[in-house]
Amino acid sequence: MSHLHYEVADGIAHITFQNPPVNGLGHSLRLALVNALDEAEENPEVKAVVMTGSERAFSGGADITEFGTPRSGWQPTLRTVIEIMEAFPKPIIAAIDGVCLGGGLELALGAHYRVAASRARIGLPEVKLGLLPGGGGTQRLPRLVGLERGLSMIVTGEHYTATRLADTPLLDRVVDTPVVEAAAAFAKEIVAQGAPLKRVRDIKIEELDAQAFLQVSRRNLAASSKHFPAPKLCLEAVAACVELPFDEGLKRERELFNTLMTSPESLALRHIFAAERAATKVPGVTRETPRREIRQVGVIGAGTMGGGIAMNFLNVGIPVTILEAKQEALDRGLATIRRNYENTMKKGRLTQNQVEERMALLTPTMSYDDLAQADLIIEAVFEDIGVKEAVFTTLDAIAKPGAILASNTSTLDLNIIAGFTKRPQDVIGLHFFSPANVMKLLEIVRGDQTSPEVLATSLDLAKTIAKKPVVSGVCDGFIGNRMLASYRAAADELLLHGASPAEIDRALENFGFAMGPYRVGDLAGLDIGWAIRKRRQAENPDLDLSCVADRICEAGRFGQKTGAGWYDYSAGNRKPKEDPIVTKMIDDFRAEKGITPRKFTAREIVERCVFALANEGARILEEGIALRASDIDIVYLNGYGFPAHHGGPMHYAQQVGLFNVVRSIKRYARLSDSAAAFWQPAPLLVKHLDSGEPLK
Ligand code: NAD
């Protein structure tokens, strides 16, 4: 039989799933399972069935390659298999080790008994894909673990170890011995006792205050899951297990599941799930590509980025030597790292011992000789090509052969940096985001000569330090900052022609961004951008590059840190207050430029900012800087707070329809208040519009 092993021993039929890596419940496995059950039913020697997976996985749930395809609905569906199991005339015992998630757990709930290894991980994570468990999980799990715990597991999607669930009737036995043997022994006891077949559907939920509990939960969920319908519908499905007879509850679960399956939010979350997996597949890098071992890391520069970057490695037990040019900068950097760890400790997420262990892995130095043994050296010094040249020339002289030399540069040309060494094949960009110990995104910048080995090692390393990597080619700003520049330009154009910072921020926050661009500016500090603009203006004396932001900075308003920026923070908290002084500055600036302000709707504000992102993204894709449209989404979701329920700027543009996006962009180009050069649709968008093909 394909996808499973069937064997009868000592009166017990052993059904072992064999669909690596996680025994996904694809059609072939489902079919094989029903055939095996039929065989076990017909064989009079068989007194009980033990159903199991591997040490790694009982089953991780649906087969993701089948997701959203007609195969997932081919008979026998998961629901049919579960019905057959539940009605089976001989006891079925699920022997659970490894992961038992989603459809995998729903399958196990169809068995009459469950024996689990204490380390097994159990849960219904469907909500994380904007769905609900559609194979009876919402009706069966609460019958076994209680309404409160069942609802919590379904609404959060959190995994529980078997040990944590050992006190519930979900698990008949939790063992530290090999689980299949334990399950077989348990099966023999059941048979010997002539114990009844325990069907979860027959259990009555007895909760005194079920309705009151559901009411409170409804209120809490409405507040916490604003942009996502799935948690609320999970709750309604669970409510059905209290309010309706079992079969009607199943029907209700199915209806709610179907509603979610076609919801834009679930589509977006499933897109992100697939996109994150796709992002690690890079042409030229295969399983066979050799990797280099990273046992020791060097970091140059202990400033904002260097300190955070070092923490990523300390957190996973990799020793770091951190280098600064001046003792005082080194001391400051170390103190910041310690303070960060101590703050985490105060929140109860680290013990004092763990803080000391991590700090002990960190070696401060001012001598490059101490980096000679490092396997990877990441540079995070000032963003100045002269400083980078000095650092990389020295690194070339002292680093051991085969060491990876990485730059955290945000804007400089990685190929030029690689050219400062005689080993450009070992040079790569590792672009972390601030705060580097927190932000999940890692842009891996592949230079013209970066070797596949160095790239493969960097991709693996991202996984080790729990980052989400995306490979980018070399261009000004790489994927993320280049798109950010277009987004900011679209926002500034709106500001110039009549929208206030608060109107723009509010529209984008209602769309789902945690903060609009002007609040972000105030948080990050406006002085850095001002310095860059002053430099550009000095380099281009014939152009007028003046903007409202200059006026704000000229007044000493650098954002939250000075108590004022685009907003007023004089109340001493971070709550932005609109400031008439800023309104006047903007009005005066418009008047000087001869601009008559007009009103913008929230919809137009969002369209302009988000379509500007997608348009720049399409250019990035066309130039081959990004490998695929979904990589661009991953960058913007994880590095720039793009709302997950919209799936990323490229996904969003495709959902709106490229036709509509291009039409809007062309319209903006025709309006007098828009810079026609800025609003040119990317040729790739037009091409896909003509062909009707989706962006890939
Ligand atoms: P920073 O000014 O906070 O830190 C730079 C550190 O480098 C300082 O502590 C300085 O003393 C040290 N330094 C300067 N020259 C040195 C030298 N020759 N040798 C040793 N140490 C030296 O700057 P940052 O914000 O941490 O940025 C560092 C790099 O990271 C830049 O290339 C920047 O573009 C990039 N980056 C910054 C951010 C961000 O949000 N700040 C995000 C991504 C990337």
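Residues numbered from 1 in each chain as written. Predicted model: local features only at pLDDT ≥ 70, side-chain atom pairs only at ≥ 80, totals over all residues. Heavy atoms only, no water.

We now examine unusual backbone geometry. The peptide bond linking Pro20 to Pro21 adopts the cis configuration, its omega dihedral lying at 5 degrees. In this fold, Pro21 is placed in the loop between β2 (12–17) and α1 (27–42). Here the amide bond leading from Gln75 into Pro76 is cis, since omega sits at -5 degrees, within 30 degrees of zero. Within the fold, Pro76 resides in the loop between β4 (57–59) and α2 (78–86). With a phi close to 60 degrees, Asp10 is a non-glycine residue in the positive phi region. Assignment of secondary structure puts Asp10 in the loop between β1 (4–9) and β2. Judged by its relative accessible area of 61%, Asp10 falls in the exposed class. (Helix = DSSP H or I, 4+ residues; strand = E, 2+ residues; numbered from the N terminus. Buried < 20%, exposed > 50% of the residue type's maximum accessible area, 1.4 Å probe, protein only.)

If you check the domain split of the chain, you get domain 1 (4–261), domain 2 (297–476), domain 3 (480–497 + 600–624 + 628–696) and domain 4 (516–596). Taken residue by residue, the interface counts 7 residues in domain 3 and 9 residues in domain 4. For the pair domain 3 and domain 4, the summed buried surface comes to about 750 Å²; carbon and sulfur atoms form 64% of the total. Contact with domain 4 buries area across many residues of domain 3, yet Arg488, Leu495 and Leu496 alone supply 68% of it, more than any other trio. For the interface between domain 3 and domain 4, the tally reads 0 salt bridges. Linking domain 3 with domain 4 are 4 residue pairs in polar contact (both at pLDDT 80 or more), by the criterion used here. Class assignment of the residues belonging to the side of domain 3 that touches domain 4 gives a composition of 4 nonpolar, 1 polar and 2 charged. (Domains from an automatic or database assignment. Contact = heavy atoms within 4.5 Å. Buried area = accessible area lost by both parts, 1.4 Å probe. Salt bridge = Lys/Arg side-chain N within 4 Å of Asp/Glu carboxyl O. Polar contact = N/O pair within 3.5 Å; in protein donor to acceptor, adjacent residues only side chain to side chain. Nonpolar A, V, L, I, M, F, W, Y, C, P; charged D, E, K, R; others polar.)

This paragraph deals with the environment of Val81. The residue Val81 is located in helix α2 in this model. In the structure, Val81 is positioned 310 residues away from Val391 in sequence and 63 Å away in space, judged by C-alpha atoms. Leaving out residues up to four positions away in the same chain, Val81 has contacts with Arg30, Leu33, Val34, Pro76 and Leu107.

Compared with the 20 Å implied by 1.5 Å per residue over 14 residues, the 20 Å span of helix α8 (residues 230–243) between its first and last C-alpha is a close match. Across the 14 residues of α8, 10 count as buried, placing the element largely inside the fold. Taken together, the buried positions of α8 are Ala230, Pro231, Leu233, Cys234, Leu235, Ala237, Val238, Ala239, Ala240 and Cys241. For α8, the elements touching its buried residues are α4 (137–145), α5 (147–156), α7 (210–224) and α9 (246–261). (Expected span 1.5 Å × (residues − 1).)

Under the defined criterion, the tally for this structure stands at 47 salt bridges. Asp492 is paired through a salt bridge with Arg488; the nearest N and O atoms lie 3.5 Å apart. Of the two residues, Asp492 and Arg488 both sit in helix α17 (residues 478–497), 4 residues apart, roughly one turn of that helix. With a shortest N-O distance of 3.0 Å, Glu592 and Arg551 are connected by a salt bridge. Of this pair, Glu592 sits in helix α22 (residues 580–592) while Arg551 sits in helix α21 (residues 548–554); the two residues are 41 residues apart in sequence, bridging distant segments of the chain. Classification of Arg551 as partly exposed rests on a relative accessible area of 24%.

With that settled, consider a negative patch on the surface. Among the surface-exposed residues, Asp38, Glu39, Glu41 and Glu42 lie close enough to one another that they form a single negatively charged patch. Among the structural elements, Glu41 can be located in helix α1. (Patch = residues over 30% accessible without salt bridge, like charges linked within 9 Å, V, L, I, M, F, W, Y side chains within 5 Å. Areas by Shrake-Rupley, 256 points an atom, 1.4 Å probe, with all protein chains shown as cover. Lys, Arg positive; Asp, Glu negative; His and termini not counted. Charge placed at Lys NZ, Arg CZ, Asp CG, Glu CD.)

Strand order in the open sheet made by the 8 strands is β13-β12-β11-β14-β15-β16-β17-β18, with mixed pairing throughout. Only two strands of the sheet have a single partner each, and these edge strands are β13 (362–365) and β18 (468–472). For this sheet the average axis-to-axis angle between neighbouring strands, irrespective of direction, equals 25 degrees. Sitting on the sheet, helix α12 (residues 327–346) touches β12 (320–323) and β13, and the angle it makes with β13 is about 165 degrees. (Pairing = 2+ DSSP bridges. Axes fitted to C-alpha atoms, helices over the stretch in contact; angles between N-to-C directions.)

A separate point is helix α23 (residues 602–622). In a regular helix each residue adds 1.5 Å, so 21 residues correspond to 30 Å; α23 covers 30 Å between its end C-alpha atoms and thus fits that length. With 17 of its 21 residues buried, α23 lies for the most part within the structure. Of the residues flanking the end of α23, it is Gly624, one or two places downstream, whose phi is positive at about 80 degrees.

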